[in-house]
Every structure is written in C-alpha cells, then in structure tokens.
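Letter by letter, the chains look like this.
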Amino acid sequence: MNKLFLLLSGLFLLIGCASDTKDKKKERQGAMAQSVGRINELSVVIETEAWKGALGDTIRKYFGAEVPGLPQEEPLFSMRQIPPSAFSGIARKNRTFLKVENASVTKVDYISNKFATPQLGVVITGKNLAEQSAIIREQIEQISEKLKAVETKEKQRRIAKSLEKLPQLESKFGLSLKVPSAYRIAREDDDFLWLRKDIPNGDMNLIIYEIPIDNTLSDTNTIADIIKIRDSVGSLKIPTDTGSFVTEEAYAPYLYHKEVAKRPTFVTKGTWEIKNRFLAGPFVNYMIKDTDKNRYVVLEGFILAPSSLKRDNMFELEAIIKSLRLL
C-alpha cells in the first residue's frame, strides 16, 4: 500500500510540475506585448542632431525613396524620428524600427521580437556618421526587403481575420488566395475572375487568369511581351464606355524577377490608362510560371482612385497575391 501511495504521489507531482512549466511558458509568451503601428510606418531611433544632418538625409533618401509604379510620389516607408532617450514604453512596441548607434564595428544587426511581437528591429552601428551612412547605402535593398516582409506578413494576418470564400479559385485555376471579405466578384468567366473592393473615391481590383507557357514570352523583350498580353486581356475583359484598358505609354513599366509560391515570377509595375477618358492609375502584374501545368498564372492588381494616395492600397493587393498557393 505504501509503495502504491508513493508511486501515485510521484505521478501527481510529475504531472503538476509539467503543468506548472506549461503555465509559466504561457505566461512568458503572454507577457510579450502585441506590436503596434500602421503598415509601412518605420520608427527611426537616432539623435535629433544626426537626424537633421547628413545621416538623416541618407536615411530619408533611401528609406523614403519613391515607390516605383505609382502615379504620384509616395515614400517607401512613412518615418518618424525618435531620440534614443525617448525610445521606451509604447515607443518600443512599434512593429519595425531602425536604430543607429556608435560602435567600433560597422555592421547591420536584425533583432526579432525584442520588445513586442511581431517586431523587427534593424540596428546599424558604425564608428562615425560617414560609416553609418555608407552601410545604409550598401545594404538598403536587403534591409528594406526584410522590413517589407514583416509588413506583408502583418497585412496578411489582418486580412485573415475576415476572408471571402471563393471556391472558384480552386475549381477554375487550381489555386487558393487569402482575399478579404470586402472584395466582391465584378466579373466571372470560365477563364477569368475579377474581384473589386470599394474605397473612398474609387476602387481596388484584382484579376486572375492563366495563359500557356509555350510561345508566350521571349528572352529578348520580356517586358514588351507582358505588356502586350495584359493589354490584350484588359481590352477584352475590362469594360469601358470609350477607349481601352491598356498600359500607359508615357511611362515605362518596371520589371522584377521574384519568387511566389516557390515558382519563378515576373513582376511588372506601371500605370494603366483608359484612352480618351483621362483615367489612369497604378497596376502590379504577377506572372507566375507553373511548369507542372504548362502555364503562367497571372494575378494583377490595379487601382482607380483619382487624387488619392495609393501606396498602402497597392501593398494590400500585393499581400493578397503573395498569399497564393498552387493546388
């Protein structure tokens, strides 16, 4: 009897300890505050004197660079400067921050979830202002990509709170997308789907279709071929009272090579227009190469919102496109 009593007591003690460990782990996780901040808003932790000088100019030049493909100038990030002495409390809960410090080694460190979650801090160190400016210039592409990845993930998290059910994405195109419930179907054909979301002074749009890989894009003039394809589809599928929905001729689109859904992807950013109606706006076209099905899956986002800022709207459309899964 005593042996049985000791055995049961030890078992209960072991279970209790395991439960306590789990509870403490939950408490530690729960103690980490939720990060705050608007999408594409970057806190810059730097002395005010340096912010007003050459180093601040460098930060504003690169992190506030013009977003390509928009009809009006909008910065890559909206920035606000915080002196190191004020970087405490709620200020440390911002989802992304850039901090500049003096140190004997010139480098860039990435700090995840130090003061809140999700959070990415970029800490730039250097012996002097010149070295700190130099490393920003050298690594701006890598830094901005990491910051934008955090923002994309956060945007997708917010989108996932209320999703639209679109079974036709799987039945027609063999894919899935995380699309907010605010979007509605504007047009649906056997080979084409157009989704639309109303916004103040206009609308946001996402179109989906596919084209065969064979004889689609040439190696010598890829961007011209992409424009030809999008203009052909847009003229046919996007109705207008007069004119056609085509690529703006006055501005050359930007072409990037990316990877989406683990597939090579052409990303084209530019301006669309409707000829003879004086209507125009930005577009982003993702052409994803799916060799398994001998096709390109094409997802394009575009916006009509005259006189309105469009950076964050385009960012939402890209966040939706980047949620793509091929089934």
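Basis of the calculations
Along each chain, the written sequence defines residue order, and numbers are assigned to residues from 1. Totals for whole chains, interfaces and linings use every residue, but because this is a predicted model, local features are given only for residues with pLDDT of at least 70 and side-chain atom pairs only at 80 or more, for both listing and counting. To get the side-chain values, take all heavy atoms of the structure and skip hydrogens and water. The criterion is simple. A nonpolar core is a set of buried Ala, Val, Leu, Ile, Met, Phe, Trp, Tyr and Cys residues joined through side-chain atoms within 4.5 Å. Any residue under 20% of the maximum accessible area for its type is buried, any over 50% is exposed, and the rest in between are partly exposed; the area is computed with a 1.4 Å probe on protein chains only. In this text, helices come from DSSP runs of H or I with a minimum length of four residues, and strands from runs of E with a minimum of two, each type numbered from the N-terminal end. Here a residue-residue contact requires only that any non-hydrogen atoms of the pair lie within 4.5 Å. Within this document, salt bridges are pairs made up of a side-chain nitrogen of Lys or Arg and a carboxyl oxygen of Asp or Glu, the two lying within 4 Å of each other. Here, any two strands with at least 2 DSSP bridges between them count as paired. To get an axis, fit a line to the C-alpha atoms, keeping to the stretch in contact for a helix; angles then go from 0 to 180 degrees between the N-to-C directions.

(A) Focus on the nonpolar core. Judged by nonpolar contacts, the single largest core of 32 residues is most densely connected at Leu169, Leu175, Leu177, Ile208, Leu299 and Leu324. Elements with a minimum of two residues in this core: helix H5 (168–173), strand S8 (192–199), strand S9 (202–212), strand S13 (279–290), strand S14 (295–304) and helix H7 (311–321). Ranked by residues supplied to this core, first place goes to H7 with five residues. Ignoring any residue separated from it by four or fewer positions in sequence, one finds Leu169 in contact with Gly174, Leu175, Leu177, Leu193 and Ile208. Membership of the second largest hydrophobic core comes to 21 residues, among which are Ile46, Ala50, Trp51 and Ile124.

(B) Quick peek at the pattern of salt bridges. Per the stated rule, a full pass over the model turns up 21 salt bridges. Put simply, Arg60 and Asp57 hold a salt bridge, and the shortest N to O gap is 2.7 Å. Of this pair, Arg60 and Asp57 both sit in helix H3 (residues 54–63), three residues apart, which is roughly one turn of the helix. Residue Arg60 is classed as partly exposed on the basis of its relative accessible area, which comes to 30%.

(C) Local environment of unusual backbone geometry. For the bond from Thr117 to Pro118, the omega torsion is -10 degrees, close enough to zero to count as cis. Of note, Ala261 is a non-glycine position whose phi angle comes to about 55 degrees, a positive value. You can call Ala261 partly exposed: its relative accessible area is 24%. For Ser307, which is not a glycine, the phi torsion comes out positive at approximately 70 degrees. Tracing the chain through its elements places Ser307 in the loop between S14 and H7. By relative accessible area, Ser307 is classed as exposed at 81%.

(D) Structural view of H7. Of all 11 residues in H7, 10 are buried, a share of seventy percent or more. Taken together, the buried positions of H7 are Arg311, Asn313, Met314, Phe315, Glu316, Leu317, Glu318, Ala319, Ile320 and Ile321.

(E) Geometry of the side chain of Thr96. Its location among the elements puts Thr96 in strand S3 (residues 96–102). A residue is classified by how much of its surface remains accessible, and Thr96, at 2% relative accessible area, is buried. Excluding anything up to four places from it in sequence, Thr96 contacts Glu41, Leu42, Ser43, Leu120, Leu147, Val150 and Glu151.

(F) Inspection of the sheet that holds strand S4 (residues 107–112) at higher detail. If you trace the five strands from one edge of the open sheet to the other, you get S2-S1-S3-S5-S4, paired in mixed fashion. Edge positions in the open sheet fall to strand S2 (78–82) and S4, since each of these has one partner strand only. The mean angle between the axes of side-by-side strands here comes to 20 degrees, regardless of whether they run parallel or antiparallel. Direction of pairing for S3 relative to strand S5 (residues 120–126): parallel, over a ladder of seven bridges. Following the sheet pairing, Asn102 is matched in S5 by Gly126.

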